[in-house]
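Now for the letters of each chain:
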Amino acid sequence: MPTAFMSADSLPLRGIKVLELSHMIMGPAAGLVLADLGAEVIKVEPIEGDRTRRLRGSGSGYFPVFNRNKQSLAVDLKSPEGQQIVRDLALRSDMLVENFRDGGLDQYGLDYASLAEQNPGLIYVSLKGFLSGPYKNRTALDEVVQMMGGLAYINGGDGTPQRVAASVNDILGGTFGVVGALAALQERHATGKGRHVRSGLFENNLLLVAQFIAQFQLTGQAPRPMGAERRPPWGVYDIFDTADGRVFVAVVGDAQWRNFAERFLPPEWGSDPRLATAVDREAARPWLVPGVAEILKHWKTAELCAALEAANLSYGPIRQPHELLDDEHLQARGALIPTRLPGGGEISAAALPIEFDGQKVGKRLDPPMQGGQNADILASLGMDAARIQALRDAGVIGT
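Residues numbered from 1 in each chain as written. Predicted model: local features only at pLDDT ≥ 70, side-chain atom pairs only at ≥ 80, totals over all residues. Heavy atoms only, no water.

> What should I look at first to understand a nonpolar patch on the surface in this one?
Nonpolar side chains collect at one region of the surface, where Tyr135, Leu141, Val144 and Met148 lie side by side and expose about 340 Å² of accessible area between them. Mapped onto the elements, Leu141 comes out in the loop between β5 (123-128) and α5 (142-148). Residue Leu141 is classed as exposed on the basis of its relative accessible area, which comes to 56%. (Patch = residues over 30% accessible without salt bridge, like charges linked within 9 Å, V, L, I, M, F, W, Y side chains within 5 Å. Areas by Shrake-Rupley, 256 points an atom, 1.4 Å probe, with all protein chains shown as cover. Salt bridge = Lys/Arg side-chain N within 4 Å of Asp/Glu carboxyl O. Helix = DSSP H or I, 4+ residues; strand = E, 2+ residues; numbered from the N terminus. Buried < 20%, exposed > 50% of the residue type's maximum accessible area, 1.4 Å probe, protein only.)

> Teacher, can you tell me more about the side chain of Glu20 here?
The residue Glu20 is located in strand β1 (residues 17-21) in this model. Side chain to side chain, Glu20 and Ser22 meet in a polar contact 2.7 Å long. Side chain to side chain, Glu20 and Lys70 meet in a polar contact 2.7 Å long. For Glu20, the contacting residues outside a window of four places in its chain are Gly27, Pro28, Gly31, Val41, Ile42, Lys43, Val44, Asn67, Lys70 and Val97. (Polar contact = N/O pair within 3.5 Å; in protein donor to acceptor, adjacent residues only side chain to side chain. Contact = heavy atoms within 4.5 Å.)

> When you look at the packing of aromatic side chains in this model, what are you seeing that I'm missing?
How two aromatic rings sit relative to each other is set out by the distance from centre to centre and by the angle between their planes. For the structure on display, the rule yields 10 aromatic pairs. The ring of Tyr135 is capped by Arg138, whose NZ or CZ atom sits 3.9 Å from the centre of that ring. When the ring centre of Trp287 is taken as reference, the NZ or CZ atom of Arg274 above it lies at 4.2 Å. (Phe/Tyr/Trp six-rings, centres within 6.5 Å; stacked < 30°, edge-to-face > 60°. Lys NZ or Arg CZ within 6 Å of the ring centre and 35° of its normal.)

> Help me understand the pairing of β1 in this model?
Two faces make up the sheet, and in a regular strand the side chains alternate between them. With 4 of 5 residues buried, β1 is to be regarded as a mostly interior element. Both β1 and strand β2 (residues 40-45) contribute to a ladder of 4 bridges, which runs parallel. Looking at β2, one finds that Glu20 is bridged to Lys43. Once you follow β1 into helix α1 (residues 26-36) and on to β2, the crossover reads as right-handed. Where β1 lies against strand β4 (residues 95-98), 4 bridges are found, and the strand directions are parallel. When the sheet's bridge partners are listed, Glu20 is paired in β4 with Val97. (Pairing = 2+ DSSP bridges. Right-handed = clockwise from strand over helix to strand, strands pointing away.)

Structure below.
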């Protein structure tokens, strides 16, 4: 069996240089994907560092999760010297990733048009709240677009929208930015020219709720919020109490129903004409689901899961996120990456959910201290130690 992780010299984006001017989650998530795939990513931060470094509570995991495999340059972007440093790096880069407000980088000469004039092969990835249209210049956050885009409604209860806890639009929006960047990179092989790629939170959210929009168009019925009384299209598609926990059980086809009925239900249920088809079983939910619940509540969770797996049925024990640290599947092949935090401490961070020939892409660098690679990055631009020290003394770069 091959090792769990690919070697650095076999990563698919090795040799690609990326300049990341971003903060919070959407931009760093895009940079993470590129960095994990082998690109050399330089993260440009303010002198005091990306503000997610200082978040606490539910925000405390942002920086260590989304910033591995990157180098850090801490620079005062408002100073002419700092702007020139970043421009010089951009002109040597294959990609630039940014999630500033529209036009926010223009004043520094770091807009796409200015950079592409000197670096026509540059792929410039802008991660925004909205794509082109009337909302283009609005600011947005993941939760904002969840609310206005129907995701919070469909995830909530009657009249009470509830955001999806994970930053789904930030992470997927950043990932779609990478998809666009890689498409542009492929095109550049033929044309030699880059592209300005944009990815939007709101449009990402649209994709997430597209099935519910289609449901309304096809049936004339708006979907009920998931937190209200659920009405899934299958007879058994529910969370069931066990003797010592809870398990989600999904029985979604006729063959699965026969397996489920044979192994878990009284014999007469398997031949009951009221349960003959998926449509019949959906109509029978008012009595079918309580009946199944009464049977399954006597099972121990581990025994029920083993029996469901033996029957080739879909199931999932109900767990909290931190319980995944002990998951045997995730532990077996490097899905959880030990990560050293700047200043000390360690967490287990998620690897990208990708394999190449059975191997994952892993960690080459822990999340950096702000400005941790200042000297090396500036030396790559031809600056000597005296010049670098002068920039530190002038407050252009961090110490």
